[in-house]
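Architecture at a glance
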Amino acid sequence: MKPKSEKSIKLYNLMIERGYPEEFCDLITKNLNTDFTAQRMIGYLAHYKTLPLEEIVDEMLAILSDRNRIMKKKETERANATINEFMMSDWCDHDEE
């Protein structure tokens, strides 16, 4: 796993301040180790004083699922752009003949 981001460290400290167990905070922030994912959890926690551990885990899984969906979409868009470039250059090459 990559090192924790600045926001992930902020999330860790926020959860510790709210009294969540250190091991739990570490596990959550190891999984939400980017600014994007950690900020999503920080935003979620901002709406509540305390939450059961299970609800935090559920939200973490939802955030990771969203991140994976976004990454897959971007991968597909890049692949489509590459195919389109190839098709256009191939089509243009044949058009000149």
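Here's what I pulled together on the structure shown here. (Residues numbered from 1 in each chain as written. Predicted model: local features only at pLDDT ≥ 70, side-chain atom pairs only at ≥ 80, totals over all residues. Heavy atoms only, no water.)

1. A look at the packing of helix α1 (residues 6-17) against helix α2 (residues 22-31)
Where α1 contacts α2, the two axes come as close as 9 Å, and the packing angle between them is 155°. Compared by their axis directions, α1 and α2 come out roughly antiparallel. The crossing of α1 and α2 is right-handed. Seen from α1, the contacting residues are Ser8, Leu11, Tyr12, Met15 and Ile16; seen from α2, they are Glu22, Phe24, Cys25, Asp26, Ile28 and Thr29. Considering only residue class, the contact of α1 with α2 consists of seven nonpolar, two polar and two charged. (Axes fitted to C-alpha atoms, helices over the stretch in contact; angles between N-to-C directions. Helix = DSSP H or I, 4+ residues; strand = E, 2+ residues; numbered from the N terminus. Parallel < 35°, antiparallel > 145°, perpendicular 65-115°, else oblique. Left-handed = near helix turned anticlockwise from the far one by under 90°. Contact = heavy atoms within 4.5 Å. Nonpolar A, V, L, I, M, F, W, Y, C, P; charged D, E, K, R; others polar.)

2. Comments concerning the packing of aromatic side chains
As enumerated under the stated definition, the model contains two aromatic pairs in all. Ring geometry for Tyr20 versus Phe24: centroids 6.2 Å apart, planes at 40°, classification tilted. Exposure class is identical for Tyr20 and Phe24. Each is buried. Taken together, a centroid distance of 5.3 Å and an interplanar angle of 55° make the contact between Tyr44 and Tyr48 tilted. The class of Tyr44 is buried, set by a relative accessible area of 18%. On the basis of relative accessibility, which here comes to 37%, the residue Tyr48 falls in the partly exposed class. (Phe/Tyr/Trp six-rings, centres within 6.5 Å; stacked < 30°, edge-to-face > 60°. Buried < 20%, exposed > 50% of the residue type's maximum accessible area, 1.4 Å probe, protein only.)

3. Regarding the packing of α1 against helix α3 (residues 35-45)
Between α1 and α3, whose axes approach to 7 Å, the crossing angle comes to 30°. Classed by the angle they form, the pair α1 and α3 counts as roughly parallel. Helix-helix and strand crossings are classified by hand; for α1 and α3 the assignment is left-handed. Residues Glu6, Lys7, Ser8, Lys10, Leu11, Leu14 and Met15 of α1 form the contact with α3, whose participating residues are Asp35, Ala38, Gln39, Met41, Ile42 and Leu45. Counted by class, the contact of α1 with α3 contains seven nonpolar, two polar and four charged residues.

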